[in-house]
Amino acid sequence: MAGEYLGKGSELEQVDAIIKAYQLYLEHVQVNGLEVVLSITRAWRLTKFVDNGMLTLKPCTKCGGHFVIHTHELYDKFVCGLCHMPARAGKTNN
């Protein structure tokens, strides 16, 4: 997470790191023409969940990307939803 990186790599206060990380997110979204799906409130709450040990980053064993997951998942070979699509993903009712 950008906030985690900014917080570890600098002398920023946590609030400042979250705000700067959110600004980076908004810039990324704008440059790539994407839709903003994360509010500053949700970003703050996610950070608090990570700080309290409820959520963590875990790498996908297939693609190597890091994803936010529940800390106490019962399996150690995490595969993300992009590498292992749910059975009904992409199917439509015609």
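Provided above is the structure to which this section pertains.
Anyway, here's the lowdown on the structure attached to this text. (Residues numbered from 1 in each chain as written. Predicted model: local features only at pLDDT ≥ 70, side-chain atom pairs only at ≥ 80, totals over all residues. Heavy atoms only, no water.)

### A short note on the state of the cysteines
Formally: In what follows, a disulfide is any cysteine sulfur pair within 2.5 Å. Only protein chains enter the accessibility calculation, which uses a 1.4 Å probe; a residue is then buried when its area is under 20% of its type maximum, exposed when over 50%, and partly exposed in between.
All told, the structure shown has zero disulfides when counted by the stated rule. A disulfide-free cysteine, Cys-60 has its sulfur positioned 3.7 Å from the sulfur of Cys-63, the nearest such atom. Judged by relative accessible area, which is 4%, Cys-60 ranks as buried. No disulfide involves Cys-80; its sulfur sits 3.6 Å from that of Cys-83, the nearest cysteine.

### Quick word on the pairing of strand β2 (residues 66–70)
Heads up, the condition is: At least two bridges found by DSSP between two strands are what make those strands a pair. What counts as a helix is a DSSP run of H or I of at least four residues, what counts as a strand is a run of E of at least two, and both are numbered from the N terminus.
Here strand β1 (residues 55–59) pairs with β2 via five bridges, running antiparallel. In the strand pairing of β2, Leu-57 is matched with Val-68. The antiparallel hairpin formed by β1 and β2 contains six residues in its connecting segment, where Gly-64 sits at a positive phi of about 85°.

### Things to note about the packing of aromatic side chains
The test is simple: Pairs were defined over the aromatic rings of Phe, Tyr and Trp, the Trp ring being its six-membered one, requiring ring centres within 6.5 Å. Orientation was assigned from the angle between planes: stacked under 30 degrees, edge-to-face over 60, tilted for the rest.
Scanning the entire structure with this criterion turns up two aromatic pairs. Relative to Phe-78, the ring of Phe-67 has its centre 6.0 Å away and its plane inclined at 55°; by these criteria the two rings are tilted. In this pair, Phe-67 sits in strand β2 while Phe-78 sits in the segment after β2, placing the two residues 11 residues apart along the sequence. The exposure class assigned to Phe-67 is partly exposed, which follows from its relative accessible area of 26%.

### Quick word on the environment of Ile-40
Inclusion rule: Any two residues whose heavy atoms approach within 4.5 Å are treated as being in contact.
Mapped onto the elements of the fold, Ile-40 is located in helix α3 (residues 40–51). Sequence separation of Ile-40 and Gln-23 is 17 residues, and the distance between their C-alpha atoms is 9.3 Å. Apart from the residues within four sequence positions on either side, Ile-40 is in contact with Ile-18 and Tyr-22.

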